[in-house]
Amino acid sequence: MTFVDNQVALRCGYGIAETGLQVITVSGSDAPSWLTTLSSQVLTGMAAGESREMLFLDANGRVKFAAGIVWTGEVAWLFTADALALAQFLESMKFMSRVEVAVRAELTVWGFFTPSLAEEVLAHFGPIWTDPWPGITAGGTAYSPRSQAHPGQDYPARLGVVPVEKTAAVRAQLLSEWEQLSWPRETEDGYSLAAPVFAAAADWRALRIAAWRPYGTDIDPRTLPHELDWLRTAVHLNKGCYCGQETVARIVNLGHPPRRAVFLHLDGSSSLLPPPGAKLYAGSRKVGTVQASANHFEDGPIALGLVKRTAPTGQLTVCWKEGEEEQSLAAAVTVITDPAGVSWQGQSRIDRKAFADASPRSGSGSLNIAG
């Protein structure tokens, strides 16, 4: 199977993919309130089976860890990119809290898109995390241009777990159930699927890049959640008392994030993909770096990047070293985070203030708002 076959089948619910993610469980009577105190999200009051997303920030509001969370009623399941480091951080913050933190190294994380038979099969081994991206969840806001259609609107991604020792058996079960369907299968957009697929992490990465979906692997030591438009799903602006909250609120209300996320269409004349950290240039000026890249079944080579807020919105050049050779590719830029640097919530405040400033003073006559 090619990456085209893999990604088309995944998108249609006839496949499952490795994700490279890991799992932590947090149990104990204090788990929801404790995680709420430590993270950017409100986790108290979650119903059993409910999914949310959260970030753990440093004192300057920079992202240290990101995690999707499912609450089962007794245990919080965290899906994250670096389980060991996150678990060590959580252990250091336990103090007198009644919680137990466990890295579930015996489990592997698979991803799939709904509707899919995989959801029922994987539900036997643990809860299913429903990705909220790109919907603006309670307490959230967005930094993308309002007039711009978001490609993540068609991104019904799910994560589930399988015991490592049962991987072969689960693959055989899924294959058996899928093979009961008639093959080949024609998709609504004209692709013909010869068989169900077990895709690689690169295929999962390509689909989430195309949806502008940030992961914990995309951060660097300076990453602010605003820069990646992460306030959509992972930050609750109406909660306080967590590390980094002042910076988050200050940028939303008064400031502008210093960098912004961009989607990159890469020149497809080369088979090479830039690695994370590859440099982005506008002419001779370095303006940012690549965070993730992959080959997409429709868009070809694509990437997510982080650039200075003042970087031009046109074409950039990606440069990196492959062995001893210098490599470069042209990259067409699509805006993810608005260069204006103002969130939807912040823009609403600006609009209200502008309207108030335009209101007539007493005795100055009526204000024509009809245009």
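If you're wondering where the values come from, they're calculated on a predicted model, not measured in any experiment. (Residues numbered from 1 in each chain as written. Predicted model: local features only at pLDDT ≥ 70, side-chain atom pairs only at ≥ 80, totals over all residues. Heavy atoms only, no water.)

With antiparallel pairing, the five strands of this open sheet are ordered in space as β3-β4-β5-β2-β6. Each edge of the open sheet carries a strand with a single partner, namely β3 (50–57) and β6 (100–103). Strand-to-strand twist in this sheet, taken as the mean axis angle between neighbours without regard to direction, amounts to 25°. Judged from the four bridges that link them, strand β2 (residues 22–27) and β6 form a sheet pairing that is antiparallel. In the sheet register, serine 27 faces β6, and the bridge partner there is glutamate 100. (Pairing = 2+ DSSP bridges. Helix = DSSP H or I, 4+ residues; strand = E, 2+ residues; numbered from the N terminus. Axes fitted to C-alpha atoms, helices over the stretch in contact; angles between N-to-C directions.)

Take a negative patch on the surface next. A surface patch of like charges, here negative, comprises Glu188, Asp189, Glu298 and Asp299. Note on placement: aspartate 189 falls in the loop between β10 (185–186) and β11 (192–193). (Patch = residues over 30% accessible without salt bridge, like charges linked within 9 Å, V, L, I, M, F, W, Y side chains within 5 Å. Areas by Shrake-Rupley, 256 points an atom, 1.4 Å probe, with all protein chains shown as cover. Salt bridge = Lys/Arg side-chain N within 4 Å of Asp/Glu carboxyl O. Lys, Arg positive; Asp, Glu negative; His and termini not counted. Charge placed at Lys NZ, Arg CZ, Asp CG, Glu CD.)

The next subject is the confidence of the model for the protein chain. Of the residues in the protein chain, 93% reach a pLDDT of 70 or more, and the chain-wide mean stands at 92. Residue range residues 358–371 is modelled with pLDDT below 50. Its contacts to residues more than four positions away, or to other chains, number five contacts. (pLDDT = per-residue confidence, 0-100. Contact = heavy atoms within 4.5 Å.)

Under the counting rule described, the total for this entry stands at eleven salt bridges. Taken together, the salt bridges that share partners define one network made up of Glu53, Asp131 and Arg213.

Moving on, we get to the packing of helix α1 (residues 3–11) against helix α6 (residues 201–210). Relative orientation of the contacting elements α1 and α6 amounts to 60°, with a least axis distance of 10 Å. Where α1 crosses over α6, the handedness of that crossing is right-handed. Contact with α1, carried on its side by Phe3, Asn6, Gln7, Leu10 and Arg11, involves Asp203, Ala206 and Leu207 of α6 and no other residues of that element. (Left-handed = near helix turned anticlockwise from the far one by under 90°.)

Of all hydrophobic cores here, the largest spans 66 residues; its most connected members are Leu55, Phe79, Leu122 and Leu174. Setting aside anything within four residues of it in sequence, one finds leucine 122 in contact with Ile16, Trp110, Phe112, Ile128, Gly160, Val161, Val162 and Val170. The next biggest cluster of nonpolar side chains, apart from the first, holds 23 residues, and it includes Ala31, Trp34, Met46 and Phe89. (Core = buried A, V, L, I, M, F, W, Y, C linked by side-chain atoms within 4.5 Å. Buried < 20%, exposed > 50% of the residue type's maximum accessible area, 1.4 Å probe, protein only.)

This next bit is on the side chain of threonine 289. Along the polypeptide, threonine 289 turns up in strand β15 (residues 285–296). In terms of polar contacts, threonine 289 uses its side chain to reach the side chain of glutamine 291, at 2.8 Å. (Polar contact = N/O pair within 3.5 Å; in protein donor to acceptor, adjacent residues only side chain to side chain.)

Here the focus is the state of the cysteines. As enumerated under the stated definition, the model contains zero disulfides in all. The thiol of cysteine 241 is not disulfide-bonded; the next cysteine sulfur, from cysteine 243, is found 12 Å away. By relative accessible area, which is 69% here, cysteine 241 ends up exposed. (Disulfide = S-S within 2.5 Å.)

The next point concerns unusual backbone geometry. One can expect most non-glycine residues to show negative phi and most peptide bonds to be in trans. Omega for the peptide link from tryptophan 133 to proline 134 comes to 0°, which places this bond in the cis form. Among the structural elements, proline 134 can be located in the loop between β8 (129–130) and β9 (157–163). Between tryptophan 183 and the following residue, proline 184, the backbone shows a cis peptide bond with an omega angle of 0°. Examined against the element boundaries, proline 184 turns out to sit in the loop between α5 (167–178) and β10. Despite not being glycine, tryptophan 212 has its phi angle at roughly 60°, a positive value.

As a further point, take the environment of methionine 96. With respect to the helices and strands, methionine 96 occurs in the loop between α3 (83–92) and β6. Each C-alpha atom of the pair methionine 96 and aspartate 30 lies 9.9 Å from the other, and the pair is 66 residues apart in sequence.

The next subject is the pairing of strand β18 (residues 325–335). In this sheet, β18 lies alongside strand β13 (residues 259–266) in antiparallel orientation, the contact comprising five bridges. Across the sheet, residue leucine 266 finds its bridge partner in β18, namely alanine 331. Relative to β18, strand β17 (residues 316–322) is paired through seven bridges, and the arrangement is antiparallel. Bridging from a neighbouring strand, glutamate 322 pairs with glutamate 325 of β18. As consecutive antiparallel partners, β17 and β18 are separated by two residues, and within that stretch glycine 323 has a phi angle of approximately 70°, a positive value.

The next subject is the packing of aromatic side chains. Summed over the entire model, instances satisfying the criterion amount to eight aromatic pairs. Look at phenylalanine 113 and tyrosine 155: their rings are 5.5 Å apart centre to centre, the planes differ by 75°, and that puts the pair in the edge-to-face class. Here phenylalanine 113, found in strand β7 (residues 107–113), pairs with tyrosine 155, found in the loop between β8 and β9; they are 42 residues apart in sequence, far enough to count as distant. Judged on exposure class, the residue phenylalanine 113 and its partner tyrosine 155 are both buried. Pairing tyrosine 191 with phenylalanine 297 gives two aromatic rings, centres 5.7 Å apart and planes at 70°, and the pair type is edge-to-face. (Phe/Tyr/Trp six-rings, centres within 6.5 Å; stacked < 30°, edge-to-face > 60°.)

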